[in-house]
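Examining the three-dimensional arrangement
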Amino acid sequence: MKHFDAFRLDPVNHRLWRGEERVTLAPKAFDVLRYLVQHADRLVTQEEILEALWPDTHVNPEVVKKYVLEVRKALGDRSDRPTFIETFPRRGYQFVAPVSETSDTSGSLPAAAVTMVGRDAQHARLEACFDDARRGQRRLVLVTGEAGVGKTTLVDAFLRRAAARASVGIARGQCVEGFGGKESYYPVLEALGLLLHETDRNRVVQALVRYAPTWLIQFPSLVKSDARETLHRETIGTTRERMVREICEGLEHLTIDDPLIVVLEDLHWADLSTLDVISTLARRRGSAKLLLLGTYRPGDVVAAENPLNVLKQDLLIHRLCTELPLAHLDESDVGDYLVAEFSGADFPAGLGGVIHRHSGGNALFMTTIVRDMVDKGVIVQENGRWALSKTLADVAPTVPPTLQQMLEAQFARLSAVEQRVLNQASVAGDRFSVWALATESDLTSDEIENVCERLVERQQFLQPAGFADLPNGIPSAHYEFRHALFREAVYRRLSEVSRSRLHRLLAARLSPLCSPGQQELAAELALHFEEAREYDRAVDHLILAAENAAARFAYRDALQVLQHALTLVPRLAIERQAEVEIQLLERVGDAHYCLGAMVECARAYEAVAARAARAGLIPARVNALSALVRPFALIDPDRGIAAIEEAVILSVGFGDALLHSRTELLAVGNRLLFDTWRQEDWEICESAHRTLQNLDPTEVPEYHRMIYAHLLMLQGRYTDALASLEAGIPKKNEPIALGVHLFALSGKTVALLLSGQFGEFMRIVRSGKAMAEKNANNPWIFVFREAWLRTLVFDFDGARRLCDAVVDHARSYLPRQPEAIARFAGGYAELEQGHHEQAARSFEEILDPVITPKFFLHWYWRMSAQLGLSNVWLAAGSLGRARREADHFLASALSTGEPNLHALGWDVRARVSIAEKDWEAADEAIERGLAVTQRFTIPTVAWRLHATRSELCRRSKNDETAEVHRRRAETIILSLAESFEPDEPLRRTFLTARPVRKILAPRPPGRSVRERR
Ligand SMILES: Nc1ncnc2c1ncn2[C@@H]1O[C@H](COP(=O)(O)OP(=O)(O)OP(=O)(O)O)[C@@H](O)[C@H]1O
Ligand SMILES: [Mg+2]
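In this text the structure is predicted, and so the values were computed from the model without any measurement. (Residues numbered from 1 in each chain as written. Chains lettered and ligands numbered in written order. Predicted model: local features only at pLDDT ≥ 70, side-chain atom pairs only at ≥ 80, totals over all residues. Heavy atoms only, no water.)

1. A look at the sheet that holds strand β3 (residues 15-18)
By way of backbone hydrogen bonds, the strands of a sheet pair with one another, either parallel or antiparallel. Note the following rule: Think of it this way: DSSP has to see at least two bridges between two strands before they count as a pair. For helices the rule is a DSSP run of H or I covering at least 4 residues; for strands it is a run of E covering at least 2, with both sets numbered from the N terminus onward. Two residues form a contact once any of their heavy atoms are found within 4.5 Å. To define axes, lines are fitted to C-alpha atoms, for helices over the stretch in contact only, and angles between the resulting N-to-C directions are given on a 0 to 180 degree scale.
Here we have 5 strands laid out as an open sheet, ordered β4-β3-β2-β1-β8, and antiparallel in their pairing. Single-partner strands in this sheet number two, and they are β4 (21-23) and β8 (100-101). As judged from the 4 bridges shared by strand β2 (residues 7-10) and β3, these two strands associate in the antiparallel manner. Within β3, the position partnered with Asp10 by the bridge is Arg15. Set on the sheet, helix α3 (residues 62-75) makes contact with β1 (2-4), β2, β3 and β4; between it and β3 the angle comes to about 30°.

2. What about the packing of aromatic side chains?
How we decide: Stacked, edge-to-face and tilted are the three classes for Phe, Tyr and Trp ring pairs, Trp counted by its six-membered ring, which pair at centre distances within 6.5 Å; planes under 30 degrees apart are stacked, over 60 edge-to-face, the rest tilted. Burial classes: relative accessible area under 20% of the type maximum marks a residue as buried, over 50% as exposed, and values in between as partly exposed (1.4 Å probe, protein chains only). Should the NZ of a Lys or the CZ of an Arg lie within 6 Å of a ring centre and within 35 degrees of the ring normal, that charge is described as sitting over the ring.
With the rule as written, the count across this model stands at 34 aromatic pairs. Ring plane angle 65° and centroid distance 5.7 Å describe the contact between Phe461 and Phe486, whose orientation is recorded as edge-to-face. Taken as a pair, Phe461 in the loop between α20 (445-457) and β17 (462-469) and Phe486 in helix α21 (residues 484-493) lie far apart in primary sequence, 25 residues in all. One exposure class covers both Phe461 and Phe486, and it is buried. The ring of Tyr491 has Arg487 lying over it, and the distance from NZ or CZ to the ring centre is 5.3 Å. Note that Arg881 overlies the ring of Trp873, its terminal NZ or CZ placed 3.9 Å from the centroid.

3. Structural notes on the site of ligand 1
Just so we agree on the cut-off: Definition of nearness: a residue and a molecule or strand are near each other if at least one heavy atom of the residue lies within 4 Å of the molecule or strand. As used in this structure description, the phrase polar contact means that two N or O atoms lie within 3.5 Å; if the pair is within protein, one of them must be able to donate a hydrogen and the other to accept it, and residues adjacent in sequence are counted only when both atoms belong to side chains. In short, Shrake-Rupley with a 1.4 Å probe defines the accessible areas, and a residue's cover is counted only from the protein chains shown.
For ligand 1, the set of nearby residues contains 20 residues, the closest of which are Lys151, Thr152, Thr153, Arg297 and His483. Within the backbone of Gly150, an N or O atom sits 2.9 Å from an oxygen atom of ligand 1. For ligand 1, an oxygen atom lies 3.4 Å from a polar atom in the side chain of Asp266. Computed on the free molecule, ligand 1 has an accessible area of 620 Å², of which 90% lies beneath the protein chains in the complex. Elements with a minimum of two residues in the shell around ligand 1: α5 (151-165) and α15 (363-375). With 4 residues, the top contributor of residues to the shell around ligand 1 is α15.

4. Looking at helix α35 (residues 737-754)
Here is the rule: By this rule the span expected of a helix is its residue count minus one, scaled by 1.5 Å.
Relative to the 26 Å expected for 18 residues at 1.5 Å per residue, α35 spans 26 Å between its end C-alpha atoms, a close match to the ideal helical length. In terms of burial, α35 is a largely internal element, 18 of the 18 residues being buried. Within two residues after α35, Gly756 carries a phi angle of roughly 75°, on the positive side.

5. Brief notes about helix α41 (residues 858-875)
The terminal C-alpha atoms of α41 lie 25 Å apart, and with 18 residues this matches the ideal 26 Å at 1.5 Å per residue to within 8%. In the segment just after α41, Gly877 is the residue with positive phi, at about 80°.

6. Section: the pairing of β2
Examined bridge by bridge, β1 and β2 share 3 bridges and lie antiparallel to one another. Bridge pairing in β2 places Phe4 opposite Phe7. The hairpin turn running from β1 into β2, its antiparallel successor, is 2 residues long, and Asp5 in that turn takes a positive phi close to 50°.

7. Considering the sheet that holds strand β13 (residues 322-325)
The strand order across the open sheet built from 5 strands is β10-β11-β12-β9-β13, with neighbouring strands paired in parallel fashion. With one partner strand each, in any of the chains shown, β10 (169-174) and β13 form the two edges of the open sheet. The mean inter-strand angle of the sheet, taken between neighbouring strand axes irrespective of direction, is 15°. As judged from the 4 bridges shared by strand β9 (residues 139-144) and β13, these two strands associate in the parallel manner. The residue bridging Val143 from the neighbouring strand is Leu324, located in β13. Taken strand by strand, helix α6 (residues 186-197) contacts β10 and β11 (260-265), and its axis lies near 145° from that of β10. The strands touched by helix α11 (residues 272-283) are β9, β11 and β12 (290-296); relative to β12, the strand with the most contacts, the crossing angle is about 140°.

8. Section: the environment of Val378
Mapped onto the secondary structure, Val378 falls in the loop between α15 and β14 (379-382). Linking Val378 and Val395, residues 17 residues apart in sequence, is a C-alpha distance of 7.4 Å. Contact partners of Val378, with chain neighbours within four places excluded, come to Met373, Ala387, Leu388, Ser389, Lys390 and Val395.

9. Some words on the layout of surface pockets
One simple way to see leftover space: roll a probe sized like a water molecule over the atoms. The condition is simple: Using only the protein atoms, space was sampled on a 1 Å grid; points where a 1.4 Å probe fits but cannot get out form cavities, open sets with protein on both sides within 12 Å along at least five of seven lines form pockets, and lining residues are those with an atom within 4 Å of a point. Grid points are joined across faces, edges and corners, and a volume is the space filled by probe spheres set on the points.
Considering only enclosed or pocket space, the second largest pocket measures out at about 1400 Å³ in volume. Contributing to the lining of the second largest pocket are 39 residues, with Phe794, Asn871, Arg911, Arg944 and Pro995 lying nearest its centre. Elements with a contribution of two residues or more to the lining of the second largest pocket: α37 (780-792), α39 (816-833), α41, α43 (899-915), α45 (939-955) and α48 (994-999). Among the elements that line the lining of the second largest pocket, the one with the most residues is α45, at 10 residues.

10. Section: the packing of helix α24 (residues 535-551) against helix α26 (residues 574-595)
Counted only if it meets this: Roughly parallel means an angle under 35 degrees; roughly antiparallel, over 145; roughly perpendicular, 65 to 115; everything else is oblique. Classification used: nonpolar for Ala, Val, Leu, Ile, Met, Phe, Trp, Tyr, Cys and Pro, charged for Asp, Glu, Lys and Arg, polar for all others including Gly.
Orientation of α24 relative to α26, taken along the N-to-C sense of each, is 10°, at an axis distance of 11 Å. Of the possible angle classes, the one that applies to α24 and α26 is roughly parallel. Contacts from Asp536, Val539, Asp540, Ile543 and Glu547 in α24 reach Arg576, Val580, Gln583, Leu584 and Arg587 in α26. Its residues assigned to classes, the contact of α24 with α26 comprises 4 nonpolar, 1 polar and 5 charged.

11. Focus on unusual backbone geometry
Here the phi dihedral of Asp5 falls at roughly 50°; this positive angle occurs in a residue that is not glycine. Within the secondary structure, Asp5 sits in the loop between β1 and β2. In this structure, Arg533 takes a positive phi of about 65° despite not being glycine. Tracing the chain through its elements places Arg533 in the loop between α23 (522-531) and α24.

Structure, rendered in C-alpha cells:
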C-alpha cells in the first residue's frame, strides 16, 4: 500500500482512498497515477507511460495528458502550484509528494471486511488453534462445507482478526478449477509468491536460499544469472521428497519469530503435489508456529479413494488435523444479517424467515437474494430508513427458487455488452485478465475494463483482483467473479458451440504468451484448446505442462498430464497419431526414469519401439531401442544389449550415417561395459566415434559421450576421460540429467581411483552421498565406489560393511554389484586370516555367472576374483592351482586394454614364478609388468610391482637393486597416502596395512609420514 498526503493507493485492488472514502477514478487514470507513484523518485516521460500502459496499441500521446488532468482533479492538485504531479513541459511528469509504503499482507488479506453472522463457535475454534500454533504447536485445520456456505468468509474474518491482534505472516494460495489440478504445487507457489511480495521479502528469500533451493529455482528472478548454473547442478535429481521437505523446512524457518498462517483454498481442486506438502507439514514433528488452513467442499470429493479424502481420514485418525465443518446459517443468523446490513431498518418480522427458507441457509444464496431485492427495489431506503416496498406475501414469489435461476435472472438484466464480457470471462476462469478478453474482433482492453468496473461498482458478478503483469510483461488489470458459483452460472448458460468458440478465441489470444521456455500458461492453454476441440494444440500444450511439472520435480504429476494427453491421441488426424503417441510415451518413460522406476521406464520405451514398428518409423524405433539401454543397464544388462543390437541392425539399412554411428557406438559401448571387453569392439567404437565427430560433434548425446569416456578410462587414458566426464555433467535439469550426471560422476570416481587420486575421489563420494541424502535417494553408486577404494587400501571389512548395507536397502536389481564387491572384500579378509577354503569360495562365487549375474564392469570383478584365487593358492602353497589361475588371469587381463589388469597379471605371474623358484621367468614377467607402469599412471598397482621386483632382487641377493625398488614402492605408497586429505582415517588404514608396512622403511620414533618425505 502506498501512502501520500491523506491518500492511500492500493495497487493490488486497484483502489484509491482518501481516509475511509474511496476516490473514484477511471481505470486508466488509476493506472497513470499508479505508474507515477511507483516511480516517484524520477521523471517519467510520456513515451514511457504509453509503452507501459498501452503496450500493444497505438495511442495518441494527448491521451496521457487527459488522464493526468483527470488524476489531478481527483487529487485536488493544481498544475500551477502542484503538490502531487509536476509537469516538465515537453519532457514528462514527476510525482513530487513524499510517498511512504506500509507493509502489506494485502495480497493475502481480504480487501474489505464483509458482514459475517453466526460462526462464533467456529471462529473461536480457529482462534484456539491459532493460540496453539503461536505456542509452537503446529496445527492443520480443514474448514469444510458446501459451495457458498461461508468457508472463505470465515477464514477471511479470522485472518483479519489475527493480523490485527498479533504480528503474523500470512500466505495464501488458491487451487484452481480445471487446469489447476495439472499444475504441481500451484497454490503453494502462489502463497510463496505472495510472501515474496511483502516487505520482509529478504527474509523469505534467505529462507529459500538456505532451506529450499529447489523452490528458489522456481522463481528465476530471485537467482542471479551467475548462480543459476550452480543451483541447477545442485538440484539435479531432486525428488518429490526433497522438494516437499525443503518447503516444509523453509516455511518452518519463517515461523521462528512470528507465527505464520498458510491458507490453501479450495483443496477439492488441488494437485497431488500440494496434498503431499499438506500431509508432510502436518506430520512433521518439531515445534513450529504454523497454522495451516485448508478449505474444501466435501461434496466435490465424494469418492472414498479420492486422495484428499484418504489424506483427511488418515490425518484425523492420527489426530493431526482438525475438521471444522460449516453448516447452513439458521433463521436467526439471517435476521442478524439483515440487522447488520440495514441498520435501523423497518422490516416486517418474517422477512428473515422468508429469505432463510428460500436460501436454505446457504450464505451465498442469502446474500444474493438480499442484493437482488435491493437491485429490484424490493428493499428501499425511505427517508433515510430501509424498508420493504412490498408486503411480505408479495416478496416471496419474486425470489427465484435456485441460486442458478436467480443469477440467470440477474444476468438477463445486464446490457448486451456486459453479458458479452461476462460470457468471455466465464470461459477464462474465476480470475482473469482484461487483456485476455480483448480479442481482435471484439472490444478493446479499455472498453472491457470499463465494463468490468461498472459491474464492480454495482456489486454485480465481479470484484477487482488487482493489477499484474502477464507472462509477456504486459501489465493488465485483473478481475474475478464474486464467487466461483457466479462464474459457473454464467458458463453453464452458454451453448456448447459458444463455449467452444469462446475457448478458441481465448486460446488464440493467450497462445503467443506461451512458448517453449516461457510456458507458465501451458496447462491453462491446453484446457482452452481441448475445450475448443483443437486437440493437436491441446496435446502440444499438455507436453509443455508436463515439462513444467518436471521442472518442479513433480514427475508423478507429469505422468498424469501425459496420460491425459494420450487419451486425446485418437482425436488427432490419423497421420499425426503415431508421431504424437511416440513422443508422449517417450516422455512417460523419461518420467519413470526420473522416478527411479526402471521397470516401468523400460515398459514405456518398449511401447515406443512397438508403436514405431507398427508405424514403420525406423529412426523412432532405433531411438527407443537405444533408450532402453538406460533402464536395462540397472535391471537386466542382457536385455539392454539385445535391444541395442536390434537397433544397430535397423540402423544399418536406414541410410542415416549419423543415426547408425550413434547406435553403433552405444551398442559396442554397452557390450564392452556390460558383457566382455573385446579389442575389435573397441576399434568399432573408436571408428563410430570418429565418424560422429566428423559428421557433427554436437549431435552426440551426452549419454553416448559418457560411455565413450568410460571406455577411454578403461584403457588408462585418465586425463582425457576425466576431461570429458567433467564436461558431461549436465548444467540444467533435463529429463535424463540425473542419469547422465550419476554416470559422469561414477566414471570420474573410477578414473580417480585407478589413477590414485584418492582425496579428490573421496570429495566426490562425499558430495555424491550428500546429494543423494538431500534427494532422499539411495546413494548406492557412491557406496560401491567407496567400497572399491577400501579394497585398494586393505580395509576389507569396511568395504564389506558398506556393501552389505546397500544390499539390504537396494531394489531387487541393484544388489549384484555390491554383492560382488562384498564377496571380493570377504575373500581377501578370509585370506588375511589364513582361511584359504573360505576365501577361495568367495572368489569362486564371483566367477559363477549363476550366483553373480552380469552387472556394470562385471568382467573387471571376475578377473579380479581370478587373481584373488591365484593369491589364495599361492598363500596355501598350492602352486599348481596358483599357476593355473594366474595364467588364466593374465590371459584374460591381456584381452582387455586395462593397464591395471595388465600389470597385475604380470605381477602375479612373477610371484608364482618366484614361488616356483623360476627366477628367469619371474624376471621376465616383472619386467613386462614394470613396463606397463611406466606407460600409464597406475600407482595403486605400480607399488606392488616394485615390491615384487624388490622381493625378487632380494632372493637373488641383489640387495642394492632390491632397496631401489623398495624405495620406489615406498614413494608411490606415500604419495597415494598423501593424496588423501590429512584428516582422512583411510590414510592411516592404508599405511598400517601389513603388505604396506612391509615396504615402508622402519620409522624413527616420533616422526610422521609427512615429515619423512
Ligand atoms: N457467515 C456469513 N455471514 C454473512 N455472509 C456470509 C457468511 N458466510 C458467507 N457469506 C456470504 O456468502 C458469500 C459466499 O461465501 P464464501 O465465499 O465464504 O463461501 P465458500 O464456502 O467459501 O464457498 P466456495 O466453496 O465456493 O469457496 C460471501 O461472499 C459472503 O457474502
Ligand atoms: Mg471459498
